[in-house]
Each structure stands twice: as structure tokens, then as C-alpha cells.
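For reference, the chains in residue letters:
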Amino acid sequence: MKTEEKIICNRCKKVITERNAIPTADYLHVEKEWGYFSGKDGQKQEFDLCESCYDEWIRTLPIPATSREVTEFV
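This one's a predicted model, so the numbers in the text were calculated from it and none came from an experiment.

About the cut-offs
- Residues numbered from 1 in each chain as written.
- Predicted model: local features only at pLDDT ≥ 70, side-chain atom pairs only at ≥ 80, totals over all residues.
- Heavy atoms only, no water.
- Core = buried A, V, L, I, M, F, W, Y, C linked by side-chain atoms within 4.5 Å.
- Buried < 20%, exposed > 50% of the residue type's maximum accessible area, 1.4 Å probe, protein only.
- Contact = heavy atoms within 4.5 Å.
- Salt bridge = Lys/Arg side-chain N within 4 Å of Asp/Glu carboxyl O.
- Helix = DSSP H or I, 4+ residues; strand = E, 2+ residues; numbered from the N terminus.
- pLDDT = per-residue confidence, 0-100.

> Explanation requested: the nonpolar core in the structure shown.
It is characteristic of soluble globular proteins that their nonpolar side chains tend to be buried jointly. Within the largest apolar cluster, 6 residues are counted, these being I7, C9, I16, L49, C50 and C53. Ignoring anything within four residues of it in the chain, the contact list for L49 reads C9, R11, Y27, L28, Y54 and W57.

The structure is reproduced here in C-alpha cells:
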């Protein structure tokens, strides 16, 4: 959940502050617009997870997330 000057993890409520519009820690932002053939037609949902909550979440996936090293950062 993003407010004017901070990002709040939707799971643990950790606050990620921003300095000059740049987050002071990395986090996952998910944005989904649901369409036809879903039970949420026309809804847009968003949430943020801090890195710790993301790590806990992906450990619960029955099929592991894929990972590869990136050498150039944008």
C-alpha cells in the first residue's frame, strides 16, 4: 500500500520510506486488473510486500519460483 511518502507492506505493515521519491529498501509491487472469466471482473487490486515477506511467500509455492542472475541494473 503506497501513501504519499511511504510504502507499507500489506502483510507485516513494515514501512518503507522514500527519499526524493526513491524507496529506501526494495519491495515487490503487484498490480492486477481482473477481466473476463474471473470472479473479479472489472476489479483492480494492488499490494506491496517487503523483501522478507516476499521471501516467506515464495517459500510456500509448490512449484519454486525461477531465479537467474542479472548483471546489468537499470
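> What is the right way to look at the pattern of salt bridges in this model?
Proximity of charged atoms lets side chains of opposite charge pair with each other. On inspection of all chains with the given rule, the structure shows 2 salt bridges. Linking R11 and E56 is a salt bridge whose minimum nitrogen-to-oxygen distance equals 3.1 Å. A residue pair is termed long-range when its members are at least 10 positions apart, and R11 in the loop between β1 (6-8) and β2 (15-19) and E56 in helix α1 (residues 51-59) qualify at 45 residues. On the accessibility criterion, E56 (37% relative accessible area) is partly exposed. Of the charged contacts in the structure, one is a salt bridge between E31 and K44, with a shortest N-O distance of 3.1 Å. Here the residue E31 occupies a position in strand β4 (residues 27-33), and K44 occupies one in strand β5 (residues 44-50), the gap between them amounting to 13 residues.

> Can you walk me through the environment of W57 in this structure?
The topology assignment puts W57 in helix α1. Not counting chain neighbours up to four residues away, the residues in contact with W57 comprise L28 and L49.

> What exactly am I supposed to notice about the confidence of the model for the protein chain here?
When the pLDDT values of the protein chain are averaged, the result is 92; 95% of them are 70 or greater. Looking over the protein chain, one finds the lowest element-wise mean pLDDT in strand β3 (residues 22-23), namely 91, and the highest in α1, namely 98.

> Can you walk me through unusual backbone geometry in this structure?
Peptide bonds are mostly trans, and most non-glycine residues show a negative phi. Although it is not a glycine, N20 sits at a positive phi angle of roughly 55°. Tracing the backbone through its elements, the reader meets N20 in the loop between β2 and β3. For N20, a relative accessible area of 76% gives the class exposed. Notably, F37 is not glycine yet its phi reads approximately 70°, a positive angle. As for its placement among the helices and strands, F37 is situated in the loop between β4 and β5. We classify F37 as exposed; its relative accessible area is 87%.

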